[in-house]
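# Close look at the chain arrangement
So the chains spell out like this:
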Amino acid sequence: MEAADVEKDLTGVLFTEAQIQAKLGEMAAQIEADYEGRDLLMVGVLRGAVMVMADLARGLGRHVEMDWMAVSSYGSGTKSSGVVRILKDLDTDISGRHVLVVDEIIDTGLTLSWLISNLSSRRPASVEIATLLRKPDALAMPVEPKYIGWDIANEFVVGYGLDYDERFRNLRDIATLAPHVYGG
């Protein structure tokens, strides 16, 4: 879906598809260099990270294993509930593995902080985070991603996997959602 298809629901495009692909290429190059000679397990956080994970993995010039987790602290609203639930756990034993958690956005950090703690308890060799977006002004928990695409303002953004009530995920760009859509 193009931004023009839903322009009445958006206040503006933050990052175009081309900018996103370029940034993910930069991130993939750094990840590839950092994990040289080590097997890497990328763990995507469903559902939002699907686009980021797929394009980041395709940007690597090496073998990579992928697995997925689904965790939730959001309902259909725009604010985190703070209660984290595992909806789908890993299929892979991560003991002794180098794990890179891939997410599309770090907002409050509540969910990701909990997830990193949970994964760390499973005795991996290492656990790092890659995120396309981070909202520094929204952080409520300290989360230290190793790879960050962009820091953004504390606005409600959609597209490229980011949703509002399961809509807008297939928008090719990342855009700010107009307040009339979510009643903000």
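Quick look at the structure, then.

Calculation rules
- Residues numbered from 1 in each chain as written.
- Predicted model: local features only at pLDDT ≥ 70, side-chain atom pairs only at ≥ 80, totals over all residues.
- Heavy atoms only, no water.
- Pairing = 2+ DSSP bridges.
- Helix = DSSP H or I, 4+ residues; strand = E, 2+ residues; numbered from the N terminus.
- Buried < 20%, exposed > 50% of the residue type's maximum accessible area, 1.4 Å probe, protein only.
- Contact = heavy atoms within 4.5 Å.
- Salt bridge = Lys/Arg side-chain N within 4 Å of Asp/Glu carboxyl O.
- Axes fitted to C-alpha atoms, helices over the stretch in contact; angles between N-to-C directions.
- Parallel < 35°, antiparallel > 145°, perpendicular 65-115°, else oblique.
- Left-handed = near helix turned anticlockwise from the far one by under 90°.
- Nonpolar A, V, L, I, M, F, W, Y, C, P; charged D, E, K, R; others polar.
- Right-handed = clockwise from strand over helix to strand, strands pointing away.

## A short note on the sheet that holds strand 8 (residues 157-158)
Sheet strands line up and pair through hydrogen bonds in the backbone, either parallel or antiparallel. In spatial order, the strands read 1-9-8; together these three strands make up an open sheet with antiparallel pairing. Lying at the two open borders of the sheet, with one neighbouring strand each, are strand 1 (10-15) and strand 8. As judged from the two bridges shared by strand 8 and strand 9 (residues 174-177), these two strands associate in the antiparallel manner. From the neighbouring strand, Val158 faces strand 9, where its bridge partner is Ala175.

## Some details on helix 3 (residues 110-120)
Within helix 3, burial applies to Thr111, Leu112, Ser113, Leu115, Ile116, Asn118 and Leu119. Elements that come into contact with the buried residues of helix 3 comprise strand 2 (40-46), strand 3 (65-72), strand 4 (85-88), strand 5 (98-106) and strand 6 (126-134).

## Points about the environment of Lys8
The topology assignment puts Lys8 in the segment before strand 1. If we ignore the near neighbours within four places in the chain, the residues touching Lys8 are Ala178 and His180.

## What about the pattern of salt bridges?
Counting across every chain of the model gives 15 salt bridges. Among the ionic pairs, Arg172 bridges to Glu2, the shortest N-O distance being 3.3 Å. Taken together, the residues span a long stretch of sequence, with Arg172 in the loop between strand 8 and strand 9 and Glu2 in the segment before strand 1 at a distance of 170 residues. The partner of Lys88 in a salt bridge is Asp91, with the nearest N and O atoms 3.5 Å apart. Relative accessible area serves as the criterion here: at 27%, Lys88 is assigned to the partly exposed category. Here the salt bridges share partners, and the residues they tie into one network are Arg47, Asp163, Glu166 and Arg169.

## Remarks on unusual backbone geometry
Backbone geometry follows two general trends: most residues other than glycine have a negative phi, and most peptide bonds adopt the trans configuration. In this structure, Arg47 follows Leu46 across a cis peptide bond, with omega equal to 0 degrees. Within the secondary structure, Arg47 is located in the loop between strand 2 and helix 2 (50-58). The backbone phi angle of Asp165 is positive, close to 55 degrees, even though this residue is not glycine. Locating Asp165 in the fold gives a position in the loop between strand 8 and strand 9.

## Describing the packing of helix 1 (residues 17-34) against helix 2
The contact between helix 1 and helix 2 brings their axes to 8 Å, and the two run at 55 degrees. Classified by the angle between their axes, helix 1 and helix 2 sit oblique to one another. At the point where helix 1 passes helix 2, the crossing takes the right-handed sense. Contacts between helix 1 and helix 2 involve Gln21, Leu24, Met27, Ala28 and Ile31 from the first element and Val52, Asp55 and Leu56 from the second. Here the contact of helix 1 with helix 2 is composed, by residue class, of six nonpolar, one polar and one charged.

## Topic: the pairing of strand 3
As paired elements, strand 2 and strand 3 share six bridges and run parallel to each other. Within strand 3, the position partnered with Met42 by the bridge is Met66. Taken together, strand 2, helix 2 and strand 3 constitute a β-α-β crossover, and its handedness is right-handed. Bridging between strand 3 and strand 4 involves three bridges; their strand directions are antiparallel. Pairing of Ala70 across the sheet is with Lys88, part of strand 4.

## Observations concerning the sheet that holds strand 5
The strand order across the open sheet formed by six strands is 4-3-2-5-6-7, and the pairing between neighbours is mixed. A single partner strand is all that each edge strand has here, and the edge strands are strand 4 and strand 7 (147-151). Strand-to-strand twist of the sheet, defined as the mean angle between neighbouring strand axes without regard to direction, takes the value 30 degrees. Its contacts with the sheet place helix 2 against strand 2, strand 3, strand 5 and strand 6, and it is angled at close to 160 degrees to strand 2. Those strands touched by helix 3 are strand 2, strand 3, strand 4, strand 5 and strand 6, and its axis lies near 170 degrees from that of strand 5.

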